[in-house]
Amino acid sequence: MGIIRFVKQWTLPCAMVFGACVYLLFAEVPLLEPVGRTLGPYALDTLPPLIFLTLYATFCKIRLHDLRLHTWHVWLQVVRVAVAALLVLAAKSTPGHDASLVIEGAFACVICPTASAAAVVTDKLGGDVASMTVYTLIDNGVTALLVPLFFPMLERHAGFDFAASFGAILQRTMVLLVLPFIAAAATRRWLPAAAKRIKEMKNLAFYLWAVNLSIVMGLTLHNIFTASVPAAVMAGLVAVPIAVTLLLFGIGKAVGRRYGDSVTGGQALGQKNTGVGIWLTMTYLNPVAAIAPCAYVVWQNTLNSWQLWCKDKYGKLKW
């Protein structure tokens, strides 16, 4: 019972450790390495359906008339665009490829859209799930516009036009938000008993997200271990996301607090869909910079784990 209680209290760290251990087991043990190479792609293929189920379980708790645009939604987008633009200018004006690469990694963290599962953690922390859902939809749409605008400034030979980029990013991000929302709305409308049952399973979406996190953690270690960069650059790409994490969560909470919802504001700006960020960076920028959003996975979930612990122990957040 003590082990079960520990896992429930520290679900996100346990999920990260489990994912890391499984990856190392199948990547470093010679006997299991061929099995890992075979099963790895299948594990990655489970991410989209897991995200779908996670959001479906979360959206079953939301009613359409709860979805409203708030002023802080706009302000957080202004902040995100401003920070991203400053990082682009810094990367272009910084002498030295290594330093510029680290800044590019920080930009990759900021430009990531809000995580599809941010609503799950927001719900656990006592935030406004409906408001988070609206912000996430807006944030993904804005990201689809920002990427074709900013990426060519960093990599002039990126070789993609606005229309192609816009369509690819929308397909990658929005579908995972729209389809589960429609499915949840249909369930509430025509299968109210099933929707009620799902709503009563309060931690279902959270544990589905934990499984998702385990797989992402394995992908994170793979990207870090297979990168060939100097030690100083690797240290920068791993450490700088700590500052980015604290900055984004801090600004989000400060803005949200002015409008009576610091929890949702912090999660909205700070919890990132790093899977999309990694894909964008590896596709359109220097692939090495993708180490930064990989590291962001660890730092944002470490911070969320501490917040969840504070909520469970004290009934409120300490930060």
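Look a little higher up for the structure.
What counts and how
Positions within a chain are numbered from 1, following the residues in the order the chain's sequence is written. Note on the predicted model: pLDDT of at least 70 is required for a residue's local features to be given, and 80 or more for side-chain atom pairs to be given and counted; whole-chain, interface and lining totals, by contrast, use all residues. For the side-chain quantities, the full set of heavy atoms in the structure was used; hydrogens and water were omitted. A run of H or I in DSSP counts as a helix once it spans at least four residues, and a run of E counts as a strand once it spans at least two, with each numbered from the N terminus. To get the radius of gyration, use the C-alpha atoms; to get the globule rule, take the number of residues to the power 0.38 and multiply by 2.2 Å. The contact definition used throughout considers only heavy atoms, calling two residues in contact when any of these lie within 4.5 Å. Per-residue accessibility takes into account occlusion by the displayed protein chains alone, with areas from the Shrake-Rupley method and a 1.4 Å probe. Positive charges are assigned to Lys and Arg, negative charges to Asp and Glu, while His and the chain termini are left out of the count. All charge positions are set by atom: Lys at NZ, Arg at CZ, Asp at CG, Glu at CD. With a 1 Å grid laid over protein atoms only, a set of points is called a cavity when a 1.4 Å probe fits there but cannot get out and a pocket when it is open yet has protein on both sides within 12 Å along at least five of seven lines; lining residues have an atom within 4 Å of a point. Grid points are joined across faces, edges and corners, and a volume is the space filled by probe spheres set on the points. Under the grouping applied here, Gly and all other residues not named as nonpolar or charged are polar, the nonpolar ones being Ala, Val, Leu, Ile, Met, Phe, Trp, Tyr, Cys and Pro and the charged ones Asp, Glu, Lys and Arg. Each residue is placed in one exposure class: buried if its accessible area under a 1.4 Å probe, protein chains only, is under 20% of its type's maximum, exposed if it is over 50%, and partly exposed if it falls in between. One less than the number of residues in a helix, times 1.5 Å, gives the span that helix is expected to have. One fitted axis covers the seven residues ending at a residue, a second covers the seven starting there, and the bend at that residue is the angle between these axes. The term salt bridge refers to a pairing of a side-chain nitrogen on Lys or Arg with a carboxyl oxygen on Asp or Glu at a separation within 4 Å. Only the contacting stretch of a helix is used when fitting its axis, a line to C-alpha atoms as for every element, and angles between N-to-C directions run 0 to 180 degrees. Crossings are sorted by hand: turned counterclockwise from the far helix by less than a right angle, the near helix makes the crossing left-handed, and turned clockwise it makes it right-handed.

> What should I look at first to understand the overall build of the protein chain in this one?
When its secondary structure is counted, the protein chain shows 16 helices and 0 strands. Whereas a compact globule of 319 residues would reach a radius of gyration of roughly 20 Å, the protein chain reaches 19 Å, a difference of no more than 12%. The principal-axis extents of the C-alpha atoms in the protein chain amount to approximately 60 × 50 × 40 Å. When contacts within the protein chain are restricted to residue pairs at least 6 apart in sequence, long-range pairs at least 24 apart make up 81% of them. For the protein chain, the accessible area works out to roughly 14900 Å², and carbon and sulfur atoms hold 69% of it. When the 25 basic and 14 acidic side-chain charges of the protein chain are each reduced to a single mean position, those positions are 12 Å apart.

> Would you mind going over the side chain of Ser131 with me for this structure?
Following the sequence through the fold, Ser131 ends up in helix α8 (residues 129-154). Once residues within four sequence positions are removed from consideration, Ser131 is found in contact with His70, Trp72, His73 and Thr264.

> What am I meant to see in empty space enclosed by the protein here?
Gaps between atoms show up when a probe of the same size as a water molecule is rolled over them. Enumeration according to the criterion identifies 1 cavity of 30 Å³ or more in this entry. Considering only enclosed or pocket space, the largest cavity measures out at about 40 Å³ in volume. At the level of secondary structure, the elements contributing two or more residues to the lining of the largest cavity comprise α7 (118-125) and α12 (204-225). In the lining of the largest cavity, the residues fall into 3 nonpolar, 2 polar and 4 charged.

> I would appreciate a short explanation of the environment of Ala144 in the present structure.
Relative to the elements of secondary structure, Ala144 occurs in helix α8. By relative accessible area, Ala144 is classed as buried at 0%. For the pair Ala144 and Ile111, spaced 33 residues apart in sequence, the C-alpha separation works out to 9.9 Å.

> Explain helix α3 (residues 33-45) to me, please; I cannot follow it from the model alone.
Spanning 13 residues, α3 covers 19 Å between terminal C-alpha atoms, matching the ideal 18 Å at 1.5 Å per step. The sharpest bend along α3 comes to roughly 35°, located at Leu39, with the proline Pro41 sitting one to four residues further on.

> Sorry if this is basic, but what is going on with the pattern of salt bridges here?
Two side chains of opposite charge can pair, provided their charged atoms sit close to one another. Tallied over the entire structure, the rule returns 4 salt bridges. In this structure, the salt-bridge partner of Arg80 is Asp139, at a minimum N-O distance of 3.0 Å. With a gap of 59 residues between them, Arg80 in helix α5 (residues 71-93) and Asp139 in helix α8 connect regions that are remote in the sequence. The same class applies to Arg80 as to Asp139, namely buried.

> Explain the packing of α12 against helix α16 (residues 291-314) to me, please; I cannot follow it from the model alone.
Between two packed helices, what matters for the description is the angle formed by their axes and the separation of those axes. Close contact between α12 and α16 brings their axes to 9 Å; oriented N to C, the two are set at 145°. The hand of the α12/α16 crossing is left-handed. Of the residues in α16, those touching α12 at Phe206, Trp209, Leu213, Val216, Met217, Thr220, Asn223 and Ile224 are Ile291, Cys294, Ala295, Val297, Val298, Asn301 and Leu308. Here the contact of α12 with α16 is built from residues that sort into 12 nonpolar, 3 polar and no charged.

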